Amino acid sequence: MKLATYKDGSRDGQLVVVSRDLSTAHYATGIAQTLQQVLDDWNFLAPQLQDLSVTLNHGKARHAFAFDPAMCMAPLPRAYQWADGSAYLNHVELVRAARQSEVPQSFYTDPLMYQGGSDDFIGPCDPVVVASEDFGIDFEAEIAVVTGDVPMGSTPEQALDGVRLLMLANDVSLRNLIPAELAKGFGFFQSKPATAFSPVAVTPDELGDAWQGGRVHLTLQSTWNGRKVGMCDAGPEMTFHFGQLIAHICKTRNVRAGSIVGSGTVSNQAVEVNGRKEWPKGYSCIAEKRAIETILDGKPSTGFMKYGDTIRIEMKGRDGQSVFGAIDQEIAPLATD
């Protein structure tokens, strides 16, 4: 089934069930008001939502209405936890190579992860508000999962059983703020503003055989200012699958229902053409493009995002239809009185 949260003036919005083709929706009123309610009581409430989903997909829901992504908040407008990994190590390798820095061997056995802000996510069509263009505004196209309860000490296989829903994410980064923060030795903070998520969150069965081994084997598309810059394969090159990312958190604590875990920037390796490396599948963040330019030409030539720039992030299924709907945002300045 596919679930979304409509804006209603409250912090947590109103849960809706969305048809498979994203054309129609139906309020989940009478079953649950919010997505967090469902995650807290999944075994009881999810089957009821599934029944409504079946009715909606058969065109028999009495109060169905046209689905409008612009009405959507993030599927979970605020969450108990937002932990973002860096599961595509090719991304790390590129960024490090541009700095002429080695990747520590531990990175290949122990996932990188940071704790992001989870009190204020933004909707898929909401503007990305940034106080200054000088911060180095960047998009990051990612996949994320929403979990149920996963106990401390869970294995990666056990952790995978805790995946309830999948989404896309735009994990906005302010690149020019990162070096000073990392130099303090305490990790990202101001350099990671509010994250946006896709209009709908989907249960793993909606992906069919594209969901295998904790990875999504589909293409993640990134379109910057109307130009498609990324057609990255999200499956085979994901070094750590979602079960491993969740189990990483579970090493020392429980993961509770409503936690969101991100994949990090989806990234694909280069191919060699006439003795020169090329990246035909493009990139899922500008920092990676700049790293590639530095590796090839000695310096970056692509600038970061400016006010008025747009970013669209989407993933289509094997049938060519959008799976999660699209994140479609514009970069905007902070309003002043």
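What comes next is a walk through the structure. Computed from a predicted model, the values in this text were never measured in an experiment.

Observations regarding the sheet that holds strand β22 (residues 327-333)
If you walk across this open sheet you meet the five strands as β7-β22-β21-β16-β17, and the pairing is mixed. A single partner strand is all that each edge strand has here, and the edge strands are β7 (128-130) and β17 (227-233). The mean inter-strand angle of the sheet, taken between neighbouring strand axes irrespective of direction, is 20 degrees. Pairing between strand β16 (residues 219-224) and strand β21 (residues 310-315): five bridges, direction antiparallel. Considered in β21, the bridge of leucine 220 is made with methionine 315.

A word on the packing of aromatic side chains
For any pair of aromatic rings, the description rests on two quantities: the centre-to-centre distance and the angle between the ring planes. Per the stated rule, a full pass over the model turns up ten aromatic pairs. Pairwise contacts between aromatic rings join Tyr6, Tyr27, Phe65 and Phe67 into one cluster. Above the face of the phenylalanine 188 ring, lysine 192 is positioned so that its terminal group lies 5.2 Å from the ring centre.

Some details on the pattern of salt bridges
Enumeration according to the criterion identifies twelve salt bridges in this entry. Among the ionic pairs, glutamate 140 bridges to arginine 175, the shortest N-O distance being 3.1 Å. Taken together, the positions of glutamate 140 in the loop between β8 (137-138) and β9 (141-147) and arginine 175 in the loop between β11 (173-174) and α5 (178-183) put the pair 35 residues apart, joining distant regions of the chain. No difference in accessibility class separates glutamate 140 from arginine 175, as the two residues are buried. The closest approach of N and O atoms between aspartate 149 and arginine 256, which form a salt bridge, is 3.9 Å. Of this pair, aspartate 149 sits in the loop between β9 and α4 (156-160) while arginine 256 sits in the loop between α6 (242-250) and β18 (259-262), placing them 107 residues apart in sequence. In this structure aspartate 149 comes out as partly exposed when scored by relative accessible area, which is 47%.

A short note on helix α3 (residues 89-98)
Taken as a whole, α3 has its buried residues at Leu89, Asn90, His91, Val92, Leu94 and Arg96. On its buried face, α3 sits against α7 (286-297). Two residues or fewer past α3, glutamine 100 is found with a positive phi of approximately 55 degrees.

Some words on the environment of alanine 159
Here alanine 159 shows up in helix α4. For alanine 159, a relative accessible area of 0% translates into the label buried. Counting along the chain gives 90 residues from alanine 159 to isoleucine 249, while the straight-line C-alpha distance between them is 9.9 Å. Apart from the residues within four sequence positions on either side, alanine 159 is in contact with Val150, Ser154, Gly243, Ile246 and Ala247.

Here we look at the side chain of threonine 265
Relative to the elements of secondary structure, threonine 265 occurs in the loop between β18 and β19 (271-273). According to the relative accessible area criterion, threonine 265 is buried, its value standing at 3%. Looking at threonine 265, its side chain comes within polar contact range of the side chain of glutamate 140, at 2.5 Å. Setting aside residues up to four positions removed in sequence, threonine 265 forms contacts with Tyr88, His91, Glu140, Ala141, Glu142, Ser284, Cys285 and Glu288.

Structural notes on the nonpolar core
Ranked by internal contacts, the top residues of the largest apolar core, which has 65 residues, are Phe67, Ile143, Leu166, Leu207, Ile246, Met315 and Phe324. Per-element tally for this core: the top contributor is α6, with six residues. Listed in part, the 32 residues of the second largest apolar core include Val17, Leu35, Val146 and Ala169.

Things to note about the pairing of strand β10 (residues 163-170)
For β10, a buried count of eight out of eight residues is recorded, marking the element as mostly surrounded by other parts of the structure. With seven bridges joining them, β9 and β10 adopt antiparallel strand pairing. The partner of alanine 144 across the bridge, within β10, is methionine 167. Inspection of the sheet shows β10 paired to strand β12 (residues 196-197) by two bridges, in the antiparallel sense.

What to know about the packing of α3 against α7
Look at α3 against α7: their axes get within 8 Å of each other, and the N-to-C directions meet at 50 degrees. Regarding the angle of α3 to α7, the classification is oblique. Remark: the crossing between α3 and α7 carries left-handed chirality. In this structure, α3 uses Asn90, His91, Leu94, Val95, Ala97 and Ala98 to contact α7, whose residues at the interface are Glu288, Ala291, Ile292, Thr294 and Ile295. Taken together, the residues of the contact of α3 with α7 sort by class into seven nonpolar, three polar and one charged.

Digging into the side chain of serine 267
Locating serine 267 in the fold gives a position in the loop between β18 and β19. A polar contact is formed between the side chain of serine 267 and the side chain of asparagine 90, at a distance of 2.8 Å. Excluding residues that lie within four positions of it along the chain, serine 267 makes contacts with Tyr88, Asn90, His91, Leu94, Glu237 and Glu288.

Calculation notes
Residues numbered from 1 in each chain as written. Predicted model: local features only at pLDDT ≥ 70, side-chain atom pairs only at ≥ 80, totals over all residues. Heavy atoms only, no water. Pairing = 2+ DSSP bridges. Helix = DSSP H or I, 4+ residues; strand = E, 2+ residues; numbered from the N terminus. Axes fitted to C-alpha atoms, helices over the stretch in contact; angles between N-to-C directions. Phe/Tyr/Trp six-rings, centres within 6.5 Å; stacked < 30°, edge-to-face > 60°. Lys NZ or Arg CZ within 6 Å of the ring centre and 35° of its normal. Salt bridge = Lys/Arg side-chain N within 4 Å of Asp/Glu carboxyl O. Buried < 20%, exposed > 50% of the residue type's maximum accessible area, 1.4 Å probe, protein only. Contact = heavy atoms within 4.5 Å. Polar contact = N/O pair within 3.5 Å; in protein donor to acceptor, adjacent residues only side chain to side chain. Core = buried A, V, L, I, M, F, W, Y, C linked by side-chain atoms within 4.5 Å. Parallel < 35°, antiparallel > 145°, perpendicular 65-115°, else oblique. Left-handed = near helix turned anticlockwise from the far one by under 90°. Nonpolar A, V, L, I, M, F, W, Y, C, P; charged D, E, K, R; others polar.

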